[in-house]
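Residue-level structure breakdown
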Amino acid sequence: MNTTDAIRTLAAFALSTIATAQSNWPKLPYVVDPGWPRLPAGWTFEETPGVAVDSREHVFVFHRGPHSIMEFDKDGNLVRSWGDGVFVRPHGLKFDSEGNLWAADDQGHMIVKMDALGRVRMVLGRKNNKGETNDTFNRPTDIAFGPSGDVYISDGYGNSRVVKYTRDGKFVKAWGKKGTGEGEFNLPHSIAVDKRGRVYVGDRDNHRMQVFDADGKFITQWKHVGSPWGVAITNDEFLFMCDGYNNRILKLNLNGEVLGTLSGPGKLPGELDYSHHLAVGPSRSLYVAEIKNWRVQKFVERAPAR
């Protein structure tokens with residue numbers, strides 16, 4: 001066997017080992033709520049990249065059509081909408097610990113902070129001006145917040161870096177470049193921060209999660225989880241991830257161990273097509289935003305069998 005054949009054999013074995021491990025992942029105990037949400041007659045989502053949930057379990061949906069941000073109560077009734085004319089191409093949506101809503105506009109090249117009434121309170125980047133400086137982005141994708149309120153931006157489709165700011169919007173540092181090495185990225189698409197300040201970056205097209213300390217020092221990487229499109233860390237320190245290429249949801253602990261998986265590809269309720277970002281509500285329900293299916297689905301945790 002020559003060197004090329006040996007490499008191919010090893011690669012095939014590695015892929016087979018990963019596939020076997022994935023087939024043994026347990027199923028998460030969730031069922032879809034097919035009646036959620038209830039849109040007014042004549043209203044619809046278009047491509048739906050972002051979703052966020054507040055402490056009341058009001059759900060905020062960020063999509064690429066009219067009424068670009070829609071707020072629903074916990075029963076799925078529309079409360080209000082806003083955002084028309086503000087955003088160029090909606091992408092990620094997150095709440096900070098103070099109840100402010102932050103939106104990533106990838107083709108607008110900006111991050112917008114809004115208060116509870118939807119009023120703009122801060123803008124990072126400059127609308128329709130791309131760059132790679134302290135105050136410009138090139139198609140940013142997501143936002144996360146450190147324990148002290150620091151803001152982390154995954155910047156994203158055009159650039160290949162993470163940018164850190166203070167809670168007041170002052171530039172701190174940036175790290176990363178295009179590549180496959182440790183601390184390099186091929187589409188940093190999602191980002192989350194745990195209670196210890198560790199930063200988890202969904203390195204989407206390198207099919208791995210990278211973990212850094214609060215200053216961007218590489219800690220580890222998880223290459224067995226698929227392609228991280230969206231990530232969210234819960235208060236009890238579990239990480240939920242949507243894999244848009246394999247159209248599944250994963251639950252992991254913060255050591256990278258897969259605790260369970262949910263769903264699969266398709267168009268029916270409970271199935272996924274380009275699962276993009278997700279959020280976890282106070283009730284532990286999962287809300288998953290999909291690009292191709294033009295919707296957000298709510299998955300409800302089932303009570304254990306007695």
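Predicted model, so just to flag it, every value in this text is computed and none were measured.

1. Description of the packing of aromatic side chains
Counted under the stated rule, the structure contains 16 aromatic pairs. Their ring planes at 75° and their centres at 5.1 Å tell us that Phe60 and Phe95 sit as a pair that is edge-to-face. Of this pair, Phe60 sits in strand β3 (residues 59-62) while Phe95 sits in strand β6 (residues 90-95), and the two are 35 residues apart along the sequence. Overall, the relative accessible area of 3% leaves Phe60 in the buried class. Counting every residue linked through ring pairs, the aromatic cluster contains Tyr152, Trp175, Phe185, Phe212 and Phe218. A cation over a ring is seen here: Arg139 above Tyr157, with NZ or CZ 4.4 Å from the ring centre. Its end group placed over the ring of Tyr274, Lys292 keeps NZ or CZ at 4.3 Å from the ring centre.

2. Concerning the pattern of salt bridges
Following the criterion strictly, the structure yields 22 salt bridges and no others. For Glu71, the salt bridge identified is with Arg56, shortest N-O distance 3.3 Å. In this pair, Glu71 is assigned in strand β4 (residues 69-72) and Arg56 in the loop between β2 (50-53) and β3, connecting sequence segments 15 residues apart. With a relative accessible area of 2%, Glu71 lands in the buried category. What you see here is one network of salt bridges that share partners, running through Asp54, Arg56, Glu71 and Arg80.

3. Some remarks on the sheet that holds strand β9 (residues 120-125)
Strands sit in the order β6-β7-β8-β9 across an open sheet of 4 strands; the sheet is antiparallel. Lying at the two open borders of the sheet, with one neighbouring strand each, are β6 and β9. Going from strand to strand, the sheet's axes swing by 20° on average, the running direction of each strand aside. Relative to strand β8 (residues 110-114), strand β7 (residues 101-105) runs antiparallel, the two being bridged by 5 bridges. Note on β8: the bridge partner recorded for Trp102 is Lys113.

Quick notes on the rules
Just so you know, the residues in each chain are numbered from 1, in the order the chain's sequence is written. Per-residue local features of the predicted model are confined to residues with pLDDT of at least 70, and side-chain atom pairs are confined, for both listing and counting, to 80 or more; whole-chain, interface and lining totals are unaffected and use all residues. With hydrogens and water excluded, all non-hydrogen atoms of the structure serve as input to the side-chain values. Under the pairing criterion, centres of Phe, Tyr and Trp rings, with the six-membered ring standing for Trp, must be within 6.5 Å; the plane angle then separates stacked pairs below 30 degrees from edge-to-face pairs above 60, leaving the rest tilted. A run of H or I in DSSP becomes a helix once it reaches four residues, and a run of E becomes a strand once it reaches two; helices and strands are each numbered from the N terminus. Each residue gets one of three labels from its accessible area relative to the maximum for its type: buried under 20%, exposed over 50%, partly exposed in between, using a 1.4 Å probe on protein chains only. Consider the ring centre and the ring normal. A charge sits over the ring if Lys NZ or Arg CZ is within 6 Å of that centre and within 35 degrees of that normal. Definition used for salt bridges: Asp or Glu carboxyl oxygen within 4 Å of a side-chain nitrogen of Lys or Arg. In short, DSSP must find at least two bridges between two strands for them to pair. An axis is simply a line fitted to the C-alpha atoms; with a helix, the fit covers only the stretch in contact. Between two such axes, the angle follows the N-to-C directions and lies from 0 to 180 degrees.

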